[in-house]
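So you can see what is in the structure, the chains are spelled out below.
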Amino acid sequence: MKKLVILISGRGSNMEAIVRACSDEGWPAQVAVVIANRPDAAGLAFAASHGIATAVVDHRQFQDRERFDAALAARIDGFEPDLLVLAGFMRVLTAGFVDRYAGRMLNVHPSLLPSFPGLKTHQQALDAGVRLHGASVHFVTSQLDHGPIVLQSAVPVENGDTPATLAERVLATEHIIYPRAVRWFVEGRLALDGLRVTLTPPEPQWLFAGHTAGEGA
Ligand code: GAR
């Protein structure tokens, strides 16, 4: 049985999708704890109501990133996780923290990386005029929003889209690809070769979602 530790900062809808898939699909895994860096993270209530342990390590109570990351790592390591899942965890991590969990820490980012790292990804996509946008699940490295990509989803950018409509379309695909990627890890099917992640046995490491222009006309 693999142990998962999930880190959140807010709503936690990706955490929810992973918790539900783990239980509904009978993964050989359990979510040991959901940890938030904010006491008011809404997702904590969902975790608690599903009998999952919760914890808060409030970043505002630490003088610097090093001390916060050390306290967070101490809390995480108490659960001896096989995989650390960042699910809307909005903190820049120190190199020491990233190294500690190298090869066993995943993140979801709302863009087709390496395009649009950082914040306001949907606005960045609209400003750039791209016609495909999406989300990426990747192994975390010390470069922010960068690292070997496990799985990506692509959605169309429609005329009239706003950051909010685009975020909604992308988020719906995050809820598909993130549980899928975590399940692949749990099943021991992922291998890293430099920046390339291979899946054995193979299946598509991408998802095209949403209708195409003119469809149904
Ligand atoms: C998600 O869209 C996730 O991709 C994004 O925050 C949102 C969290 O939603 N993460 C990042 O931007 C990380 N760089 P959730 O709390 O409902 O899962």
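Everything numeric here is computed off the predicted structure, so don't read it as measured data. (Residues numbered from 1 in each chain as written. Predicted model: local features only at pLDDT ≥ 70, side-chain atom pairs only at ≥ 80, totals over all residues. Heavy atoms only, no water.)

A. Region of interest: the packing of helix α1 (residues 13-24) against helix α6 (residues 163-186). Running from N to C, α1 and α6 cross one another at 45°; their axes reach a closest spacing of 9 Å. Considering their axes alone, α1 and α6 lie oblique with respect to each other. Crossing geometry of α1 relative to α6 is assigned as right-handed. Every residue of α6 that contacts α1 at Ser 13, Asn 14, Ala 17, Ile 18 and Ala 21 is listed here: Leu 171, Glu 174, His 175, Tyr 178, Pro 179 and Val 182. Residue composition of the contact of α1 with α6, by class: seven nonpolar, three polar and one charged. (Axes fitted to C-alpha atoms, helices over the stretch in contact; angles between N-to-C directions. Helix = DSSP H or I, 4+ residues; strand = E, 2+ residues; numbered from the N terminus. Parallel < 35°, antiparallel > 145°, perpendicular 65-115°, else oblique. Left-handed = near helix turned anticlockwise from the far one by under 90°. Contact = heavy atoms within 4.5 Å. Nonpolar A, V, L, I, M, F, W, Y, C, P; charged D, E, K, R; others polar.)

B. Molecular detail of the site of the ligand. In the vicinity of the ligand, the residues found are Arg 11, Gly 12, Ser 13, Asn 14, Gly 88, Met 90, Val 108, His 109, Pro 110, Asp 145, Leu 171 and Glu 174. Between the ligand and the protein, one listed contact pairs an oxygen atom with a side-chain N or O atom of Arg 11 at 2.5 Å. Contacts to the ligand include Ser 13, whose side-chain N or O atom sits 2.5 Å from an oxygen atom. Burial of the ligand by the protein chains amounts to 87% of its free accessible area of 450 Å². Because more than half of its atoms lie within 2 Å of the grid, the ligand is assigned to the largest pocket. The class makeup of the residues in the shell around the ligand is four nonpolar, five polar and three charged. (Near = heavy atom within 4 Å. Polar contact = N/O pair within 3.5 Å; in protein donor to acceptor, adjacent residues only side chain to side chain. Areas by Shrake-Rupley, 256 points an atom, 1.4 Å probe, with all protein chains shown as cover. 1 Å grid on protein atoms, 1.4 Å probe; cavity = no way out; pocket = protein on both sides within 12 Å on 5 of 7 lines; lining within 4 Å. Sits in = over half its atoms within 2 Å of the grid points.)

C. Spatial organisation of the side chain of Ser 153. Among the structural elements, Ser 153 can be located in strand β7 (residues 149-156). Residue classification places Ser 153 among the buried positions, given a relative accessible area of 0%. Here the side chain of Ser 153 touches Thr 173 through a polar contact of 2.7 Å, side chain to side chain. Look past the residues within four positions of Ser 153 in its chain and what remains in contact with it is Leu 112, His 133, Gly 134, Ala 135, Thr 173, Ile 177 and Leu 207. (Buried < 20%, exposed > 50% of the residue type's maximum accessible area, 1.4 Å probe, protein only.)

D. Representation of unusual backbone geometry within the structure. A cis geometry characterises the amide bond from Leu 113 onward to Pro 114, with omega recorded as 10°. By secondary structure assignment, the location of Pro 114 is in the loop between β5 (105-109) and α5 (121-128). Here Thr 200 and Pro 201 are connected by a cis peptide whose omega angle stands at -15°. Summarising the element assignment, Pro 201 is placed in the loop between β9 (196-199) and β10 (206-208). In this structure, Glu 80 is a non-glycine residue whose phi angle is positive, near 45°. Within the secondary structure, Glu 80 is located in the loop between α3 (65-77) and β4 (83-86).

E. Quick look at α3. Given a rise of 1.5 Å per residue, 13 residues ought to cover 18 Å, and the 18 Å separating the end C-alpha atoms of α3 matches this to within 8%. Along α3, the positions that sit buried rather than exposed are Phe 68, Asp 69, Leu 72, Ala 73 and Ile 76. Along the axis of α3, the buried residues cluster in a sector spanning 130°; they form a single face. Along α3, exposed side chains directed more than 90 degrees from the buried face belong to Glu 66 and Ala 74. Elements in contact with the buried residues of α3: β1 (2-8), β2 (29-36), β4 and α4 (95-100). (Expected span 1.5 Å × (residues − 1). Arc of directions from axis to C-beta.)

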